[in-house]
Amino acid sequence: SDVHFFKVGIRYGWSEDEPHSLGILWIVKNRLPQSFARQMVRPHLDEEEIVFGQPKDYQTSESDDSEDPKADEELRRMQQEQLGGFGCCDCCHRWGNCGRKFPHLTFTGYMWLTPQLSSSLCRLGHDLSHSAVMDIKQ
């Protein structure tokens, strides 16, 4: 199993004379592991996937609530690593697709996430944080 986090010890309390406590900070790095590479873009997160953990892809997705089927078709052919970080909506990934690519966006790329980038980052964070959560539970 790949470990995608590291731990940092923290000492709370400045003076040697006063009582202090120790803490641990788990840091999960936003890096794309090999197991996550070359994944095709998937539909937006929905309540069912978040609550019940049932991932969807475009082939198994039953609902087609898109207002632009052509745009969805173009997104279906993209890999997540091709999603650019400058945009306001999912159509920006088709018409320009500028900026650094998923998941290594720039500061402004994280400020203005498209729905597709947000969904992809949430899934990546969920997968990467699993080993940290298991370590915390021990």
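Residues numbered from 1 in each chain as written. Predicted model: local features only at pLDDT ≥ 70, side-chain atom pairs only at ≥ 80, totals over all residues. Heavy atoms only, no water.

### Focus: the overall build of the protein
- When helices and strands are tallied, the protein shows four helices and four strands.
- Along its sequence from the N terminus, the protein presents helices and strands in the succession β-β-α-α-β-β-α-α.
- The globule rule puts the C-alpha radius of gyration for 138 residues at 14 Å, and the 19 Å found for the protein is more than 25% above it.
- Each principal axis of the C-alpha atoms in the protein carries an extent, and together these give about 65 × 30 × 25 Å.
- Counting across all 138 residues of the protein, residues that qualify as buried make up 29%.
- Taking as baseline every contact in the protein between residues at least 6 positions apart, the subset at least 24 positions apart corresponds to 48%.
- Looking at charge distribution, the protein has the averaged site of its 15 positive side-chain charges lying 7 Å from that of its 21 negative ones. (Helix = DSSP H or I, 4+ residues; strand = E, 2+ residues; numbered from the N terminus. Rg over C-alpha atoms; globule rule 2.2 N^0.38 Å. Buried < 20%, exposed > 50% of the residue type's maximum accessible area, 1.4 Å probe, protein only. Contact = heavy atoms within 4.5 Å. Lys, Arg positive; Asp, Glu negative; His and termini not counted. Charge placed at Lys NZ, Arg CZ, Asp CG, Glu CD.)

### Here's the deal with the pattern of salt bridges
- Throughout the structure, instances matching the rule amount to three salt bridges.
- The partner of E49 in a salt bridge is R42, and the shortest N-O contact between them spans 3.3 Å. Side by side, E49 and R42 carry an identical accessibility label, which is buried.
- A salt bridge links E49 to R123; the shortest N-O distance between them is 2.8 Å. Pair noted here: E49 is in helix α1 (residues 47-52) and R123 is in helix α4 (residues 115-137), with a separation of 74 residues, a long-range link. Both residues of the pair, E49 and R123, count as buried.
- By sharing partners, the salt bridges in this structure join R42, E49 and R123 into a single network. (Salt bridge = Lys/Arg side-chain N within 4 Å of Asp/Glu carboxyl O.)

### Quick notes on the nonpolar core
- Residues F36, V41, L75, M78, L83, F102, L105, L117, L121, L124 and L128 constitute the largest nonpolar core, which totals 11 residues.
- If you tally residues by element for this core, the top one is α4, at four residues. (Core = buried A, V, L, I, M, F, W, Y, C linked by side-chain atoms within 4.5 Å.)

### With respect to the side chain of R42
- Structurally, R42 is set in the loop between β2 (21-28) and α1.
- Within the local environment of R42, its side chain forms a polar contact with the side chain of E49, the two groups lying 3.3 Å apart. (Polar contact = N/O pair within 3.5 Å; in protein donor to acceptor, adjacent residues only side chain to side chain.)

### Examining the confidence of the model for the protein
- Across the protein, pLDDT averages 84, with 91% of residues at or above 70.
- Element-level mean pLDDT values for the protein span from 76 in helix α2 (residues 69-76) up to 94 in β2. (pLDDT = per-residue confidence, 0-100.)

### A closer look at α4
- When the terminal C-alpha atoms of α4 are compared, their 31 Å separation across 23 residues agrees well with the 33 Å that a helix rising 1.5 Å per residue should span.
- Within α4, the axis deviates most sharply at S129, by approximately 40°.
- Regarding α4, the residues found buried are Q116, L117, S119, S120, L121, R123, L124, L128, S131, A132 and D135.
- Here the buried face of α4 lies against β1 (5-12), β2, α1, α2, β3 (84-86) and α3 (107-111). (Expected span 1.5 Å × (residues − 1). Bend = angle between axes of the 7 residues up to and from the residue.)

### Things to note about the environment of I27
- Mapped onto the elements of the fold, I27 is located in strand β2.
- Along the sequence, I27 and S129 sit 102 residues apart, while their C-alpha atoms lie 9.1 Å from each other.
- Setting aside residues up to four positions removed in sequence, I27 forms contacts with H4, F5, F6 and V8.

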